[in-house]
Amino acid sequence: MTSHSFNQSFFSLTLTHGSTDSFLKEKKQIAEELNPGERARILRKLDWHLLPFVSLLYMLSFLDRANVGNAKVAGMSQDLHLIGFRYNIAAAVFFILYSFAEVPSNIALKLFRPSRWIPTIMIAWGLVMTLMCLVDSFRSLIVARLFLGLTEAGLFPGVTYYISLWYPRSEQSKRIAIFFSAATVAGAFGGLLAYGIEHMEGIGGLHGWQWIFLLEGIATLLVACLSFFLMHDYPETAKFLTETERAYVIDMLKQDANNLATHYHIRFVLQAMKDYKTYVQVLIYMGLLVPVYAIALFTPTIINQLGYSAAHAQLLSAPPFLAGCITTISVGICSDKYKIRGPFIIGGAFVSIMGYILLYCDGRPAMSYAGVCLAAIGVYPTIAVDLAWAGSNAGGDLKRGVVIAMVIGLGNLGGICSSFIYIDPPNFHIGHGTMMGFLFLSILLSLFAMWDYNRLNKKKIAQCRAQGLTDSRRDEFKDMGDASPLFRYAI
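For clarity, every value in this text was computed on a predicted model and none was experimentally measured.

**Quick notes on the overall build of the protein chain**
And then number 1: Within the protein chain, the secondary structure is distributed over 21 helices and 0 strands.
And then number 2: Here the C-alpha atoms of the protein chain give a radius of gyration of 24 Å, agreeing with the 23 Å that 2.2 N^0.38 yields for 491 residues.
And then number 3: Within the span of the protein chain, comprising 491 residues, buried residues form 59% of the whole.
And then number 4: Here the contacts in the protein chain between residues at least 6 apart in sequence split such that 82% fall between residues at least 24 apart.
And then number 5: A distance of 6 Å separates the average location of the 39 positive side-chain charges in the protein chain from that of its 33 negative side-chain charges.

Here it is as structure tokens:
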């Protein structure tokens, strides 16, 4: 069925059936009759209208939070006298308010429109980032990083939740992977950008590292202003979809969610907070995120310690992130294709561990650099897959939003740890050993989660058979979230 014949059949039906009930019934019938080619076309249409822009937003977010690592190599440490653990403290304080503001932000996203909430927080962090060019002491850097963490907190969990409101669970991993790959692009682009901006040293009376903060902050503000006009809220209000495409997307999401509740109520927040599976996912995510932040914050420093100049360290920090970008998207696509999550997390963590073993055991620059690349290639893809796993196994819109925010928020407390472990140059044995420990934690908990989800699925299947429960009774369980006997967990 072509797009033309698809819309033609829809309009002929609207002319034939005058009543509203008949109109809706026929529209749903068309949605149900869509062939795989039409389904793929509609999903591609969503992709082109949603993913490029939200990926740009996250690239700016990650660029702004991680550019402190580039600024350090560009001379900030000397100018602000960041001796001892001062740089580590400046990197760590970002995560304090960042971690605790994410759940309230996702609730606000549910209560307000995404096209208003997300651009607003972007303007807030863009202003903070721009004004960071004025910091002139360790104390002012700490204050700026605290407020940057507070204002940036809502973007990553917000967009992850936003994606889950547009796509069925089996289609989310590759979309989150594309979105999260912007972090790897930011890591690569940040090094190249910092290399160029460093040469602005002295212009306008500012150091090169101050220009890094200023120019990247202005870029965020410009995109934030565009966001008010370019972001779409929900499938129900998407102007780029035809009436029938909109009906299909809405029906597809309802079927995928087993008609679970979509409205706001405090009990759905409590469901997320009381569920032990939420905290298992928090720890899995934390074990993966500590290496991700360590790579972002310390890759230029690690490469610099291998004997390369500061300028070459900025340039050489790009390839590991570019490699991570490619594998992030590839693994996300494979995860959706085979509809499994846990094995890809475990496999990626093992690859990253191999990289850290190289870094730990071999001090030669070439082998150590290969270790950095392997560490990035392995761990970056696991983040998107794990967030898709956590979100798809939380039933109901609001519970899903709170679970995603809790996983990202509490998991980001690991960022504090990643800021304090690379303290023994030039070999950084403490840092590399700690990374391996966190990755093994994620592997073990992923194995437990896979076993537990499989156990719960078998229990629900047995209950449905014993009690004769079918999809026709799904409205009876709409407020139960993933505890519904009709809900099935992804493995």
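**Section: the packing of helix 3 (residues 36–79) against helix 10 (residues 172–197)**
And then number 1: The N-to-C vectors of helix 3 and helix 10 enclose an angle of 40°; their axes lie 7 Å apart at closest approach. Classified by the interaxial angle, the pair formed by helix 3 and helix 10 is oblique. The handedness of the crossing between helix 3 and helix 10 comes out as right-handed.

**A word on the pattern of salt bridges**
And then number 1: For the structure on display, the rule yields 16 salt bridges.
And then number 2: Here D233 ties to R113 by a salt bridge, and the two come within 3.1 Å at their closest N and O atoms. Within this pair, whereas D233 is found in the loop between helix 11 (208–230) and helix 12 (243–256), its partner R113 is found in the loop between helix 6 (102–111) and helix 7 (114–131), the two being separated by 120 residues in sequence.
And then number 3: Overall, the relative accessible area of 42% leaves R113 in the partly exposed class.
And then number 4: The salt bridge involving D482 is made with K399; its shortest N-O contact spans 2.7 Å. Note that D482 is positioned in the segment after helix 21 (429–467) and K399 in helix 19 (residues 397–411), a separation of 83 residues in sequence. The pair D482 / K399 is uniform in exposure class, with both members buried.
And then number 5: Connected through shared salt-bridge partners, R39, D47, E171, K174 and R175 make up one network.

**Describing the state of the cysteines**
And then number 1: Per the counting criterion, the structure on display carries 0 disulfides.
And then number 2: Residue C334 stays outside any disulfide, its sulfur separated by 15 Å from that of C325, the closest cysteine.
And then number 3: Residue C373 stays outside any disulfide, its sulfur separated by 14 Å from that of C325, the closest cysteine.
And then number 4: By relative accessible area, which is 16% here, C373 ends up buried.

**Focus: the packing of helix 10 against helix 11**
And then number 1: Their axes nearest at 9 Å, the elements helix 10 and helix 11 cross at an angle of 125°. For the element pair helix 10 / helix 11, the angle class is oblique. Of the two possible hands of crossing, helix 10 and helix 11 adopt the one that is right-handed. Contacts between helix 10 and helix 11 involve L193, A194 and I197 from the former and G208, W211, I212, L215 and E216 from the latter.
And then number 2: Split by residue class, the contact of helix 10 with helix 11 holds 6 nonpolar, 1 polar and 1 charged.

**Structural notes on the nonpolar core**
And then number 1: Ranked by internal contacts, the top residues of the largest apolar core, which has 144 residues, are F156 and Y380.
And then number 2: The element best represented in this core is helix 3, accounting for 18 residues.
And then number 3: Sequence-distant contacts of Y380, defined by excluding residues within four places in its chain, comprise F62, F180, T184, V292, I295, A296, F321, G324 and T328.

**A short note on the packing of aromatic side chains**
And then number 1: Applying the stated criterion across every chain yields a total of 23 aromatic pairs.
And then number 2: Relative to W451, the ring of F448 has its centre 5.9 Å away and its plane inclined at 40°; by these criteria the two rings are tilted. Taken together, the positions of F448 and W451, both in helix 21 and 3 residues apart, correspond to about one turn of that helix.
And then number 3: We classify F448 as partly exposed; its relative accessible area is 35%.
And then number 4: The ring of Y87 carries K72 above its face, with NZ or CZ at 4.8 Å from the centroid.

The rules behind these values
Residues numbered from 1 in each chain as written. Predicted model: local features only at pLDDT ≥ 70, side-chain atom pairs only at ≥ 80, totals over all residues. Heavy atoms only, no water. Helix = DSSP H or I, 4+ residues; strand = E, 2+ residues; numbered from the N terminus. Rg over C-alpha atoms; globule rule 2.2 N^0.38 Å. Buried < 20%, exposed > 50% of the residue type's maximum accessible area, 1.4 Å probe, protein only. Contact = heavy atoms within 4.5 Å. Lys, Arg positive; Asp, Glu negative; His and termini not counted. Charge placed at Lys NZ, Arg CZ, Asp CG, Glu CD. Axes fitted to C-alpha atoms, helices over the stretch in contact; angles between N-to-C directions. Parallel < 35°, antiparallel > 145°, perpendicular 65-115°, else oblique. Left-handed = near helix turned anticlockwise from the far one by under 90°. Salt bridge = Lys/Arg side-chain N within 4 Å of Asp/Glu carboxyl O. Disulfide = S-S within 2.5 Å. Nonpolar A, V, L, I, M, F, W, Y, C, P; charged D, E, K, R; others polar. Core = buried A, V, L, I, M, F, W, Y, C linked by side-chain atoms within 4.5 Å. Phe/Tyr/Trp six-rings, centres within 6.5 Å; stacked < 30°, edge-to-face > 60°. Lys NZ or Arg CZ within 6 Å of the ring centre and 35° of its normal.

The values reported here are purely geometric and, on their own, carry no functional implication.
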